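Examining the three-dimensional arrangement
Chain by chain, the residues:
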Amino acid sequence: MNATPLRGALLAALACTLVGASFTANSVLGDYPYAGGQALRYGLAALLLLPLLHSRDGSHPALLRTLTGRQWARLAALAAIGMVGFNLAVLAAERSAEPAVPGVFVGCAPIVVGVLVPLLDGRRPSPTVLYAAGLVAAGAFTVQGWGRADLPGIVFSAGALAGEVGFAVLAVPVLRPLGPKLLSATVCAVAAVESVLLGVLLDGHGFLRMPTGQEALALLWQAAVVTVIGFVCWYSGMRQIGAERATLFSGLIPVSAALTAPLAGTGTYGVAQGAGSLLVGVGVALGSGVLRRRRPVPVPGSVTREGLAPRGTA
């Protein structure tokens, strides 16, 4: 495998590992107002990303002036569905279903993205990627198992799946003109505004309060590590290996959560988690191409040597 796709795979893997390891922080924020927490997280992340936008890779805020109204609408949808909506769906699902249920649904995202992105791009889905996505989904299910659920829990879990898919699919056409850093900063700023509006609508002036010490640390971790580092790594990896292959690495989210749970005293790592982790690893290795050695070839959704992607891809 050539250096660029390998680097993209490593970036996507790091991003998803950080998300999985953040579940402990999520549990600390259980009593904090949802919309207020999202507003603080994404607002702080946008501010932290600002110093990175004047770099030599072309990530400059002036590029936002070139966006069309349709592209701005896509960014708003990306923030609403893939960020604010996703987190809201997970929270709502866990009120009536065990956490494993939305996790299993989200684990199916590689299959949906593996079919949807190629069809939107006017090409056939890759059989190899779909086989790999099936292994990843099966591995995620094995790691998490299946818990108690009712109809609302299943509906909101399906909403979480839609959010995970939207986070990748909606970003594809705007990733090329903006780049990973500017795209991350922009959608974080948009998500912060949307969270404020949602908080005022649902909770009025009580949507925001002073966080406790633990809550402040959890919000800082989510903003600085999971969002800033995670988002930039995710979109950098997606630009290099394509949305279909990058989404395979979302199977590492439950694996990372299972590995870190014993350290936080919130779970155990047993035979099922080990077997599921192995399935995810095989699926990711197969679909991302890390097991193959061949001459560099254009990858759907990847950048070319001139720094531009094929039309209609990331």
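Up top is the structure these notes are about.
Residues numbered from 1 in each chain as written. Predicted model: local features only at pLDDT ≥ 70, side-chain atom pairs only at ≥ 80, totals over all residues. Heavy atoms only, no water.

**Here's the deal with the overall build of the protein chain**
Scanning the protein chain from terminus to terminus reveals 13 helices and zero strands. For the protein chain, the α and β elements follow one another from N to C terminus as α-α-α-α-α-α-α-α-α-α-α-α-α. Counting over 314 residues, the protein chain shows a buried share of 49%. The contacts in the protein chain between residues at least 6 apart in sequence include a share of 87% that link residues at least 24 apart. Summed over its atoms, the accessible surface of the protein chain is roughly 14,700 Å², and 67% of this surface lies on carbon and sulfur atoms. (Helix = DSSP H or I, 4+ residues; strand = E, 2+ residues; numbered from the N terminus. Buried < 20%, exposed > 50% of the residue type's maximum accessible area, 1.4 Å probe, protein only. Contact = heavy atoms within 4.5 Å. Areas by Shrake-Rupley, 256 points an atom, 1.4 Å probe, with all protein chains shown as cover.)

**A look at the nonpolar core**
Residues Met-83, Leu-183, Trp-234, Tyr-235, Met-238 and Phe-249 are the most contacted members of the largest nonpolar core, which totals 68 residues. The greatest single-element share of this core, amounting to 13 residues, is contributed by helix α9 (residues 172-203). (Core = buried A, V, L, I, M, F, W, Y, C linked by side-chain atoms within 4.5 Å.)

**A short note on the environment of Tyr-235**
With respect to the helices and strands, the residue Tyr-235 is situated in helix α10 (residues 213-241). Considering only alpha carbons, one finds Tyr-235 and Ala-15, 220 residues apart in sequence, at a separation of 9.1 Å. Excluding residues within four positions of it along the chain, Tyr-235 makes contact with Leu-78, Phe-167, Ala-171, Leu-175, Pro-180, Leu-183 and Ser-184.

**Examining the side chain of Glu-215**
By the secondary structure assignment, Glu-215 is in helix α10. Excluding its chain neighbours within four sequence positions, the residues that come into contact with Glu-215 are Val-28, Leu-29, Asp-31, Tyr-32 and Arg-209.

**Some remarks on helix α6 (residues 109-120)**
The first and last C-alpha atoms of α6 sit 16 Å apart over 12 residues, in line with the 16 Å expected at 1.5 Å per residue. Among all positions of α6, only Ala-109, Pro-110, Val-113, Gly-114, Val-117 and Pro-118 are buried. Each buried residue of α6 sits inside an arc of 135° when the element is viewed along its axis, so together they form one side. For α6, exposure combined with an orientation more than 90 degrees from the buried face picks out Leu-119 and Leu-120. The elements touched by buried residues of α6 are α5 (100-106), α7 (127-144), α8 (151-169) and α11 (243-248). (Expected span 1.5 Å × (residues − 1). Arc of directions from axis to C-beta.)

**What about the pattern of salt bridges?**
One pass over the structure, following the stated rule, counts three salt bridges. Here Asp-121 makes a salt bridge to Arg-123, at a shortest N to O gap of 2.8 Å. According to the relative accessible area criterion, Arg-123 is partly exposed, its value standing at 23%. Three or more residues joined by partner-sharing salt bridges are found here, namely Asp-121, Arg-123 and Glu-244. (Salt bridge = Lys/Arg side-chain N within 4 Å of Asp/Glu carboxyl O.)

**Thoughts on the side chain of Gln-38**
Residue position: Gln-38 is located in helix α3 (residues 34-49). Classification of Gln-38 as buried rests on a relative accessible area of 8%. Within the structure, Gln-38 has its side chain in polar contact with the side chain of Asn-87 (distance 2.8 Å). Ignoring anything within four residues of it in the chain, the contact list for Gln-38 reads Gly-43, Asn-87 and Ser-195. (Polar contact = N/O pair within 3.5 Å; in protein donor to acceptor, adjacent residues only side chain to side chain.)

**Comments concerning the packing of aromatic side chains**
Note on aromatic pairs: each is described by the distance of the centres and the angle between the planes. Inspection of every chain in the model, using the stated rule, returns three aromatic pairs. An angle of 20° between the planes, with centres 6.4 Å apart, marks the rings of Phe-167 and Trp-234 as stacked. Of the two residues, Phe-167 sits in helix α8 while Trp-234 sits in helix α10, which places them 67 residues apart along the sequence. There is no split in this pair, since Phe-167 and Trp-234 are both buried. Feature note: the residues Phe-167, Phe-231, Trp-234 and Tyr-235 constitute an aromatic cluster, connected by ring pairs. (Phe/Tyr/Trp six-rings, centres within 6.5 Å; stacked < 30°, edge-to-face > 60°.)

**Examining the packing of α3 against α10**
Contact pair α3 / α10: the axes reach a minimum separation of 9 Å and the direction vectors enclose 55°. It follows that α3 is oblique to α10 by the angle criterion. Considering only the axes of α3 and α10, their crossing is right-handed. Facing Gly-37, Leu-40, Arg-41, Tyr-42, Leu-44, Ala-45, Leu-48 and Leu-49 of α3, the residues of α10 in contact are Leu-219, Leu-220, Gln-222, Ala-223, Ala-224, Val-226, Thr-227, Val-228, Phe-231 and Val-232. Residues of the contact of α3 with α10, tallied by class, amount to 14 nonpolar, three polar and one charged. (Axes fitted to C-alpha atoms, helices over the stretch in contact; angles between N-to-C directions. Parallel < 35°, antiparallel > 145°, perpendicular 65-115°, else oblique. Left-handed = near helix turned anticlockwise from the far one by under 90°. Nonpolar A, V, L, I, M, F, W, Y, C, P; charged D, E, K, R; others polar.)

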